[in-house]
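These are the residues of each chain, in order.
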Amino acid sequence: MFNELLWSLMIIACFFAILLIYKKMGKIGLIFWIVIATIISNIQTIKLINLFGFETSLGTILYGTTFLATDILNLKYGQKEAQKSILYGFLAMVVTTILMNICLVYIPSAN
């Protein structure tokens, strides 16, 4: 039951954050949200949780909020802006993946 409570609070916090960012930053804020949510959700994907009797990835919660942001962009600024935001999110994830894989090549300290 604790996971379900946290899940509910996280969804509410994310949706209020989207609205706040949109109110304060407009279109750029929504694009920023999509990029950040894409990166963080892919990092959170490695954590599996039990939710309503099902095992799911934690990253699905945050990634789901990108759909609201792209819908708002599509409705207010048109399909072209929504598609650009998706491309920005994808490119951010590609860059993050490349940089994180480079980090894995480093030889760790003995300490």
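Residues numbered from 1 in each chain as written. Predicted model: local features only at pLDDT ≥ 70, side-chain atom pairs only at ≥ 80, totals over all residues. Heavy atoms only, no water.

Caption draft 1: Quick look at the overall build of the chain. Counting its regular elements, the chain contains 4 helices and 2 strands. C-alpha atoms of the chain, sized along the principal axes, occupy 50 × 35 × 25 Å. Looking at the chain residue by residue over its 111 residues, the buried ones come to 32%. Taking contacts inside the chain between residues at least 6 apart in sequence as the whole, the part at least 24 apart equals 63%. Taken as a whole, the chain presents about 7800 Å² of accessible surface, with 72% of it coming from carbon and sulfur. Across the chain, 7 positive and 4 negative side-chain charges occur, with their mean positions spaced 17 Å apart. (Helix = DSSP H or I, 4+ residues; strand = E, 2+ residues; numbered from the N terminus. Buried < 20%, exposed > 50% of the residue type's maximum accessible area, 1.4 Å probe, protein only. Contact = heavy atoms within 4.5 Å. Areas by Shrake-Rupley, 256 points an atom, 1.4 Å probe, with all protein chains shown as cover. Lys, Arg positive; Asp, Glu negative; His and termini not counted. Charge placed at Lys NZ, Arg CZ, Asp CG, Glu CD.)

Caption draft 2: Expanded view of the pattern of salt bridges. Following the criterion strictly, the structure yields 2 salt bridges and no others. Across the pair Lys 27 and Glu 81 runs a salt bridge, and its minimum N-O distance is 3.5 Å. Of this pair, Lys 27 sits in helix α2 (residues 27-44) while Glu 81 sits in helix α4 (residues 79-105), placing them 54 residues apart in sequence. For Lys 27, a relative accessible area of 28% translates into the label partly exposed. Measuring nitrogen to oxygen at the nearest pair gives 3.2 Å for the salt bridge that ties Lys 84 to Glu 81. With Lys 84 and Glu 81 both in helix α4 and 3 residues apart, this pair spans about one turn of that helix. Under the relative-accessibility criterion, Glu 81 is labelled buried at 14%. A single salt-bridge network, built from bridges that share partners, covers Lys 27, Glu 81 and Lys 84. (Salt bridge = Lys/Arg side-chain N within 4 Å of Asp/Glu carboxyl O.)

Caption draft 3: Region of interest: the side chain of Thr 70. Relative to the helices and strands, Thr 70 resides in helix α3 (residues 59-77). Residues within four places of Thr 70 in sequence aside, it is in contact with Ile 34, Ala 82, Ser 85 and Ile 86.

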